[in-house]
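Single-letter residue listing:
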Amino acid sequence: MKICRTRHGGRLAVLVGVLVALMSAQHKAQAATRACRIEGIPNELQCGMLKRPLDPARADGPQVEVHYLVVPAMARNKQPDPVLMLAGGPGQSAIGVAPLVMSRLARLNNRRDLVFIDQRGTGKSAPLQCADDSRLPMAESADEAASLRRVEQCREQLQKLPYGDLRFYTTTIAMQDFDAVRAELGAERWNLIGGSYGTRAALEYQRQFPQHVRRTVIDGVAPPDLVLPESLSVDVQAALDAEFKACEGEPACAKRFPQLRQQWTQLLASLPRTVTLRNPLTNEPESFTLTRNQLLRTIRGPLYVPSMTSLVPAAIQAASKGQFEALAGLGGMMSSNKATRLALGMHFSVICAEDFPRMGKGAEALGSDMGRVEAESYDRICRNWPRGEVPAAFYQVPPAQTPVLLLSGGADPVTPPRHAERIAKLLGAKTQHIVVPQAGHGVMSLGCMGEVLYRFIDAKTDATALPQDAACAIKIPRPPAFQPIIRTEVQP
């Protein structure tokens, strides 16, 4: 018997097929996750884990567990393209920072799932954590030779783990893990949001899997060809010099700190020297030798955040008088948040494979004060650190096939606009670079930028996604220098 199919019957079959595919994808996503909760996010979430080969060339070899978190969309009629948040560092746990960024992504979460993946080597995904040395005596913490020995000990301990072959934690391999999670969740495409090192990861994912990217936001662009230990010297120096110049141009600051540059220069020249500070954990006074390198690393921390940078003039002036408490406190603020603590084993596995081999091959001048402080430190560590294979294509940025929004803070000491400007040209016509002149490291954290991100990702077509208006953030002024209160004696 011959079966005849009508035109309407054919359409019905196609519709049924589409519905079955959608239901299958939804069922797969549900089967891949379980209900869970994490501290800092009040609603119920979905947690998942995917096993991946440590070495992509050996599917039957050691495996790593890649853990991920899904924050379900609030609305029932959600959009099919989730938002993937790529963490910074390298070495941050994306799941760990999820509670910190939820407020910025709240509107996107109305109709889109938010996905956070602990990149291999971080969080719960085959963690490569070194011992927490934040509670060490200050003299031991300040000893650079002892610090290097601790890193060597950490490397030896990590290599004994079942997943301890440190060659297989490159960004390229990690982004293959991420695409496997995408497939597991049943998402055809998703939107990428990366900050700091997460921008390098986003660019690498986009290079390998352009067909699975709908929109991309990269904030504080760290290009794949950036030699981080050397670029830090130039960019931190520029941020510090900009703070000196801003103080000189601000009447109140210039009056209160008239010799700021000279005090800084004299302070550097006075080192090494013995200083005594109270341990912030025990409140007991401890003495140790403060070196020039340690002071340079300390000053870098507060330059990340303009509100903290405003405290730098007063801290330098106090240190020039032998009072180092303010500088030490500012330097410690950036490392006090456990949620943003780096998995140093993963950090060095990435930097030593991707940046270290290219050190010393550029013509970029170093910062006058910063010199090779960071480069020398990474050089000592990376000499003995196993290095993964990085494909030549990793260092190339092909034209973007879908819209990309680049964000830069004009006062950023590590990923200033100069890096994003170059990458924007390589990405081509489907890009917009927004510079917020007085922002530091990370523009997404500014109050109104959440709305900008929402408009960009929610736009129905690529043609309407760009350009975006970020005037609300661009007009934010530089915080004025902090003016310490001067105590006066009250006469009886």
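Parameters and conventions
Residue numbers run consecutively from 1 along every chain, following the written order of its sequence. Owing to the predicted nature of the model, reporting of local features is limited to residues with pLDDT of at least 70; listing and counting of side-chain atom pairs is limited to 80 or more, with chain, interface and lining totals taken over all residues. Hydrogens and waters are ignored; side-chain quantities use all the structure's heavy atoms. Think of it in three bands: residues with accessible area under 20% of the maximum for their type are buried, residues over 50% are exposed, and the middle band is partly exposed, with areas taken using a 1.4 Å probe on protein chains only. We count a stretch as a helix when DSSP gives it H or I for four or more residues in a row; a strand needs E for two or more, and each element gets its number in order from the N terminus. We call two residues in contact when some of their heavy atoms are within 4.5 Å. One bridge is not enough; two strands pair if DSSP finds at least two bridges between them. Convention adopted: a line fitted to C-alpha atoms gives each axis, helices being fitted over their contacting stretch, and angles between N-to-C directions are expressed from 0 to 180 degrees. In this scheme Phe, Tyr and Trp rings, the latter by its six-membered ring, pair at centre separations within 6.5 Å, and the angle between planes marks the pair as stacked below 30 degrees, edge-to-face above 60, and tilted otherwise. Working definition: roughly parallel below 35 degrees, roughly antiparallel above 145 degrees, roughly perpendicular at 65 to 115 degrees, and oblique for all remaining angles. Residues are grouped as follows: nonpolar covers Ala, Val, Leu, Ile, Met, Phe, Trp, Tyr, Cys and Pro; charged covers Asp, Glu, Lys and Arg; every other residue, Gly included, is treated as polar.

Peer 1: Looking at this model, I keep getting lost on helix α14 (residues 344-354). Mind explaining?
Peer 2: Residues three or four positions apart in an α-helix share a direction because the helix packs 3.6 residues into each turn. Counting buried positions along α14 yields 10 of 11 residues, so the element is predominantly enclosed. For α14, the full list of buried residues reads G345, M346, H347, F348, S349, V350, I351, C352, A353 and E354. For α14, the secondary structure elements touched by its buried residues are α4 (144-158), α5 (171-185), α6 (197-208), α7 (228-249) and α15 (373-382).

Peer 1: I keep staring at the sheet that holds strand β1 (residues 33-36) and nothing clicks. Help me out?
Peer 2: Two modes of strand pairing occur in sheets, parallel and antiparallel, and in both the strands are linked by backbone hydrogen bonds. The mixed open sheet is built from 9 strands, whose spatial order is β1-β2-β3-β5-β4-β6-β7-β10-β11. Both outer strands of the open sheet, β1 and β11 (431-436), are each paired with one neighbouring strand and no more. Across this sheet, the average inter-strand angle for adjacent strands is 20°, counted without regard to direction. Two strands pair when backbone bridges link them, and β1 and strand β2 (residues 45-53) are joined in this way by 4 bridges, in the antiparallel orientation. The residue bridging C36 from the neighbouring strand is L45, located in β2.

Peer 1: Would you mind showing me how to read the packing of aromatic side chains here?
Peer 2: Geometry of an aromatic ring pair is reported as the spacing of the ring centres plus the angle between the planes. Counting across every chain of the model gives 5 aromatic pairs. Centroid distance F348 to Y378: 6.0 Å. Interplanar angle 65°. Geometry classified as edge-to-face. With F348 in helix α14 and Y378 in helix α15, this pair connects stretches of sequence that are 30 residues apart. Y378 carries the same exposure label as F348, and that label is buried.

Peer 1: Help me out: how do you make sense of unusual backbone geometry in this one?
Peer 2: What is expected of a backbone is that most residues other than glycine have negative phi and most peptide bonds are trans. Residues G89 and P90 are joined by a peptide bond in cis, for which omega reads 0°. Here P90 lies in the loop between β4 (83-86) and α2 (94-105). For the bond running from L271 to P272, omega is 5°, close enough to zero to count as cis. By the element assignment, P272 lies in the loop between α9 (260-269) and β8 (273-278). The residue S196 is not glycine, and still its phi comes out positive at about 60°. Here S196 is to be found in the loop between β6 (190-195) and α6. Positive phi, normally seen in glycine, also occurs at N283, with a value near 65°. Residue position: N283 is located in the loop between β8 and β9 (285-290).

Peer 1: How should I be thinking about the packing of helix α10 (residues 292-300) against α15 in this particular structure?
Peer 2: Closest axis-to-axis distance for the α10/α15 pair is 10 Å, and the angle between their directions is 110°. By the angle between their axes, α10 is roughly perpendicular relative to α15. Residues N293, L296, R297 and R300 of α10 pack against V373, E374 and S377 of α15. Partitioning the contact of α10 with α15 into residue classes produces 2 nonpolar, 2 polar and 3 charged.

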